[in-house]
Amino acid sequence: MSDAATSEARKALNRLRRAAAKALHELESLEGAIARTEGQDFPKDDYTAVRGLLAELLGFADREGARLQQKVLQSGTSEPGWVRHSGPG
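Residues numbered from 1 in each chain as written. Predicted model: local features only at pLDDT ≥ 70, side-chain atom pairs only at ≥ 80, totals over all residues. Heavy atoms only, no water.

This paragraph deals with the overall build of the chain. Along the backbone of the chain there are two helices and zero strands. Of all 89 residues assigned to the chain, the portion counted as buried reaches 22%. Taking the contacts inside the chain whose residues are at least 6 apart along the sequence as the reference set, 64% of them involve residues at least 24 apart. (Helix = DSSP H or I, 4+ residues; strand = E, 2+ residues; numbered from the N terminus. Buried < 20%, exposed > 50% of the residue type's maximum accessible area, 1.4 Å probe, protein only. Contact = heavy atoms within 4.5 Å.)

Below you can see the structure in the form of structure tokens.
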């Protein structure tokens, strides 16, 4: 995978993850507002199901990010800012 393709994939994956996290946050806001308004009529199961789908999407983004990072590490390609260093150095 070329450096340009890797960079584009990483950026797209980050956008997807941010969008899924934002959607989950917005769903929680909507759920709170509608639950207070509708009381017993609130479709709790529907919201639980959608929350699960968004959590699944976030999990996919995390797994795909780890997979992409592993491919980059295996190929020996080094993209600035991709591999985080821990400790002094």
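Once you've had a look at it, read on.
Let us now look at helix α1 (residues 3-38). The end-to-end C-alpha distance of α1, which contains 36 residues, comes to 51 Å, matching closely the 52 Å that a straight helix rising 1.5 Å per residue would cover. Where α1 is concerned, the buried positions are Thr6, Ser7, Arg10, Leu13, Ala20, Leu24, Leu27 and Glu31. Against α2 (44-75) lie the buried residues of α1. Just downstream of α1, Gly39 is the residue with a positive phi angle, here 60°. (Expected span 1.5 Å × (residues − 1).)

As a further point, take α2. At 3.6 residues per turn, the α-helix brings residues three or four places apart onto the same side. For α2, with 32 residues, the first-to-last C-alpha span of 47 Å sits near the 46 Å given by 1.5 Å per residue. Within α2 the residues assigned to the buried category are Tyr47, Leu54, Leu58, Gly59, Ala61, Gly65, Leu68 and Val72. Here the buried face of α2 lies against α1. Positive backbone phi, approximately 80°, marks Gly76, located one or two places after α2.

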